[in-house]
Amino acid sequence: MSRQQHAPDLAGAGLIVLAAACFGTLGPLSRFATEAGVDSLVLVTWRAGLGAACMLLFLVLRHATGSARQRLRDLPARDRWFMAAAAVANTILNLSVFVAFQRISIALALLVFYLYPAFVALVSVTWFGEHLDRIRWAALVTSLVGTVLVVAGAGDIGQVDMLGVALSFVGALGQTFYVMAARHGFERVPGAQAAALTMGGATLLYLALGGFLALIGAGGIGITQPLASSDALVPVLLAGTVGAGIPTVSYILGIRRLGAPRAAILATLEPVVGVALAALLLHEQPAALQLVGGVLIIGAGVALQLRPRGEVAEHEAVAEEEDEDPDEAGGDYRG
């Protein structure tokens, strides 16, 4: 096999599938938290903070065993700026989608949001020289069609509010930027460290937003809401660990192993998991179209793995030769 050929990376695919499955738990968890009296802004603040704390604990344990970490002051200024921008993008995309959920149906918001795998593919090809052959383009189209069927199959798209649609679109753009930044912007930062920094930055921004809202008399943020009862605390804790810490680092590592387009396509498994969990935990039985959509998404993911990766862009080949230390090179880091 030539240097420009890569065998199917099942470990990378497994990381993205794990991330999608964990992110898919957020729908039911947010429903349980809301029913227990936790506001959405409080939930996302706790989620980001707990996720960052989990990653910091993981990094401390790794450092105690002698594993190296990337010191931020040793990074080029470009990488530090991308880390900060990724934290801002993470904050904006979550808030945008949350507000969109209030103005339009969740189904319509997700339909617009899941345009981002197509955006990732277009940006990767246009700006970064990645090669997508016919199979990958077909997998992208198939996964997007499957996503439409999974989300729209419930039959309740609701009224079209242009501001709500625009906010969902902003969320898709924010997710696109986050994916590309993780792949090309701060790839020297190990995955767990990158996750801790981006989620920690998002936590500070959420708290600043809550403080600003309180200052102008618009409600602020009741940060202690999850402590009111176990019914409130348990879903928030799970959202921070299963729904943030684990999937964020898995997603970053998976993006770096597979490349942004393949990772984004596999990530469309998330709504399939969300629908399945809704059926299991909330007794929301999926419609036939949703089952068909799920099969298409899974089939697209399988098709991506049953062949070599093919040629990679020249900058990726160079990076693979240079990134020999797994603790200094994010692409080869093992979390």
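For clarity, every value in this text was computed on a predicted model and none was experimentally measured.

What follows is about the overall build of the protein. Looking only at helices and strands, one finds 14 helices and zero strands in the protein. Start at the N end of the protein and walk to the C end: the helices and strands fall as α-α-α-α-α-α-α-α-α-α-α-α-α-α. When burial is assessed residue by residue, the protein has 48% of its 335 residues classed as buried. When contacts within the protein are restricted to residue pairs at least 6 apart in sequence, those whose partners lie at least 24 apart make up 89%. Carbon and sulfur atoms form 67% of the exposed surface of the protein, whose accessible area is close to 15300 Å².

Before going further, it helps to examine the nonpolar core. Residues I16, M55, Y116, V120, V179, F186 and Y251 are the most contacted members of the largest nonpolar core, which totals 41 residues. Sorting the residues of this core by element identifies α1 (10-23), α3 (40-64), α4 (77-103), α6 (116-128), α8 (162-185), α9 (191-215), α10 (230-258) and α11 (260-266) as the ones contributing at least two each. Residues within four places of M55 in sequence aside, it is in contact with A192, A195, A196, M199, G245 and V249. Formed by nine residues, the second largest nonpolar core is a distinct cluster that contains V42, L43, V236 and A239.

Following the criterion strictly, the structure yields one salt bridge and no others. Note that R78 is salt-bridged to D79, the shortest N-O span being 3.7 Å. Overall, D79 belongs to the buried group, its relative accessible area being 1%.

Further remarks concern a nonpolar patch on the surface. Taken together, the side chains of V88, I92, V170 and L205 present a nonpolar region at the surface, about 270 Å² in accessible area. Mapped onto the elements of the fold, L205 is located in helix α9.

A few words on the packing of α3 against α9. Axis separation between α3 and α9 bottoms out at 8 Å; the angle between their running directions is 150°. Here α9 runs roughly antiparallel to α3, going by the angle between their axes. Judged by the sense of rotation from one axis to the other, the crossing of α3 with α9 is left-handed. Among the residues forming the contact of α3 with α9, the class breakdown is 17 nonpolar, seven polar and no charged.

Tracing the backbone through its elements, the reader meets T25 in the loop between α1 and α2 (26-35). A polar contact of 2.6 Å, which involves the side chain of T25, links it to the backbone oxygen of C22. Among residues more than four places away in sequence, those in contact with T25 are V242, G243 and L277.

Here the focus is α9. With 25 residues, α9 should reach 36 Å at 1.5 Å per residue; the first-to-last C-alpha distance of 36 Å fits that figure. Positive backbone phi, approximately 75°, marks G217, located one or two places after α9.

Moving on, we come to the packing of α8 against α10. Where α8 contacts α10, the two axes come as close as 8 Å, and the packing angle between them is 65°. Once α8 is placed against α10, the crossing between them reads as right-handed. Along the contact surface, α8 presents Q175, Y178, V179, A182 and R183, while α10 presents T248, Y251, I252, I255 and R256. Here the contact of α8 with α10 is composed, by residue class, of six nonpolar, two polar and two charged.

What follows covers the confidence of the model for the protein. Across the protein, pLDDT averages 75, with 76% of residues at or above 70. The least confident element of the protein is helix α14 (residues 314-322), whose mean pLDDT is 34; the most confident is α10, at 89. Within the model, pLDDT remains below 50 along residues 1-5, and this stretch shows 12 contacts once partners closer than five positions in the same chain are excluded.

Turning our eyes to something else, we now look at α1. An ideal rise of 1.5 Å per residue puts 20 Å on 14 residues; α1 measures up with 20 Å between its terminal C-alpha atoms. Buried residues of α1: G12, A13, I16, A19, A20, C22 and F23, and no others.

On to the packing of aromatic side chains. Inspection of the entire model under this criterion finds four aromatic pairs. Relative to F177, the ring of F82 has its centre 6.2 Å away and its plane inclined at 20°; by these criteria the two rings are stacked. Here F82 is found in helix α4, whereas its partner F177 is found in helix α8, with 95 residues between them in sequence. Seen in terms of ring centroids, F113 and Y116 are 5.4 Å apart; in terms of plane orientation they differ by 50°. Their pairing is tilted.

With that settled, the discussion passes to the environment of L144. Turning to its location among the elements, L144 is positioned in helix α7 (residues 134-152). Once you skip the residues sitting within four places of it in the chain, L144 turns out to touch Y114, P117 and A118.

A separate point is the side chain of T91. Relative to the helices and strands, T91 is located in helix α4. T91 sits in the buried class, given a relative accessible area of 7%.

Position of F169 relative to the elements: it lies in helix α8. Judged by its relative accessible area of 36%, F169 is partly exposed. It is 5.9 Å that separates the C-alpha atoms of F169 and F113, two residues lying 56 residues apart in sequence. Beyond its immediate chain neighbours, meaning those up to four positions away, F169 contacts V112, L115 and F119.

Reading guide: rules and limits
- Residues numbered from 1 in each chain as written.
- Predicted model: local features only at pLDDT ≥ 70, side-chain atom pairs only at ≥ 80, totals over all residues.
- Heavy atoms only, no water.
- Helix = DSSP H or I, 4+ residues; strand = E, 2+ residues; numbered from the N terminus.
- Buried < 20%, exposed > 50% of the residue type's maximum accessible area, 1.4 Å probe, protein only.
- Contact = heavy atoms within 4.5 Å.
- Areas by Shrake-Rupley, 256 points an atom, 1.4 Å probe, with all protein chains shown as cover.
- Core = buried A, V, L, I, M, F, W, Y, C linked by side-chain atoms within 4.5 Å.
- Salt bridge = Lys/Arg side-chain N within 4 Å of Asp/Glu carboxyl O.
- Patch = residues over 30% accessible without salt bridge, like charges linked within 9 Å, V, L, I, M, F, W, Y side chains within 5 Å.
- Axes fitted to C-alpha atoms, helices over the stretch in contact; angles between N-to-C directions.
- Parallel < 35°, antiparallel > 145°, perpendicular 65-115°, else oblique.
- Left-handed = near helix turned anticlockwise from the far one by under 90°.
- Nonpolar A, V, L, I, M, F, W, Y, C, P; charged D, E, K, R; others polar.
- Polar contact = N/O pair within 3.5 Å; in protein donor to acceptor, adjacent residues only side chain to side chain.
- Expected span 1.5 Å × (residues − 1).
- pLDDT = per-residue confidence, 0-100.
- Phe/Tyr/Trp six-rings, centres within 6.5 Å; stacked < 30°, edge-to-face > 60°.

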